[in-house]
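Survey of secondary and tertiary structure
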Amino acid sequence: MDEIINLLSILSDKTRLRIVLLLMERELCVCEIFAALNMSQPRVSRQLAILKQCRLIKDRRVGKWIYYHIDNNTEADYLRSIVSLLVSWLKDDPEYKQDQLMVDYVKQYPCCISEVE
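Our subject in this report is the structure included herewith. Note that this is a predicted model, so its numbers are computed, not measured.

Here strand β1 (residues 28-29) pairs with strand β3 (residues 65-70) via two bridges, running antiparallel. Bridging across to β3, Cys29 finds its partner in Tyr67. For strand β2 (residues 57-62) and β3, the ladder comprises six bridges, and the chain directions are antiparallel. Paired with Lys58 across the strands is His69, a residue of β3. Remark: two residues form the turn of the hairpin made by β2 and β3, two consecutive strands paired antiparallel; Gly63 in that turn has positive phi of roughly 60°.

Pasting the structure below:
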């Protein structure tokens, strides 16, 4: 039960929840995340560090860019179960819709395309 309580407390932060919802769709570079959420890089990086410390996400470095994705472990499996319910609840939420539109827009103009190719 403690694992679920911990996971719910992590998701209770709006910024972390928004990040997780984006990462459930695809792997993203940190620059894509803060651009999509219209937040400062330090604010996003701080929340990414918390999610990483809790073993919910992993990162990989490509040149000078860091990409984040949902981890493949038990904690992340719990996360996927909970977030799948949240997505259906949030489908009409304006902020959720805006985040999804923005990440699609940002992915059209990646800041780190030269490093990936």
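Having seen the model, we can carry on.
Below, the discussion takes up unusual backbone geometry. The phi angle at Asn38 is positive, at roughly 55°, despite the residue not being glycine. Of note, Asn38 is situated in the loop between α3 (30-37) and α4 (41-53). For Asn38, a relative accessible area of 72% translates into the label exposed. Of note, Arg55 is a non-glycine position whose phi angle comes to about 65°, a positive value. Relative to the assigned elements, Arg55 resides in the loop between α4 and β2. By relative accessible area, Arg55 is classed as partly exposed at 44%.

Right, let's get into the state of the cysteines. Scanning all chains against the criterion turns up zero disulfides. The structure places no disulfide on Cys29, whose sulfur is separated from the nearest cysteine sulfur, that of Cys31, by 3.2 Å. A relative accessible area of 0% means that Cys29 is categorised as buried.

Along the polypeptide, Asp104 turns up in helix α6 (residues 94-108). A relative accessible area of 37% means that Asp104 is categorised as partly exposed. Between the alpha carbons of Asp104 and Leu86 there is a distance of 20 Å; along the sequence they are 18 residues apart. Of note is the side chain of Asp104, whose polar atom sits 2.8 Å from the side chain of Arg26.

Another point: the nonpolar core. Within the largest apolar cluster, 34 residues are counted, with the highest numbers of intra-cluster contacts made by Ile19, Leu23, Ile33, Leu48 and Leu79. Per-element tally for this core: the top contributor is helix α2 (residues 14-25), with six residues. Not counting residues up to four positions away in its chain, the partners in contact with Leu48 are Ile19, Val30, Ile33, Ile57 and Tyr68.

So, about the environment of Met1. Relative to the helices and strands, Met1 resides in the segment before α1 (2-11). Once the C-alpha coordinates of Met1 and Arg61 are considered, the two residues, 60 residues apart in sequence, prove to be 34 Å apart.

It is worth spelling out the sheet that holds β3 at this point. The three strands lie next to each other as β1-β3-β2, forming an open sheet whose pairing is antiparallel. Whereas interior strands pair on both sides, the edge strands pair on one side only; in this sheet they are β1 and β2.

Rules behind the numbers
- Residues numbered from 1 in each chain as written.
- Predicted model: local features only at pLDDT ≥ 70, side-chain atom pairs only at ≥ 80, totals over all residues.
- Heavy atoms only, no water.
- Pairing = 2+ DSSP bridges.
- Helix = DSSP H or I, 4+ residues; strand = E, 2+ residues; numbered from the N terminus.
- Buried < 20%, exposed > 50% of the residue type's maximum accessible area, 1.4 Å probe, protein only.
- Disulfide = S-S within 2.5 Å.
- Polar contact = N/O pair within 3.5 Å; in protein donor to acceptor, adjacent residues only side chain to side chain.
- Core = buried A, V, L, I, M, F, W, Y, C linked by side-chain atoms within 4.5 Å.
- Contact = heavy atoms within 4.5 Å.

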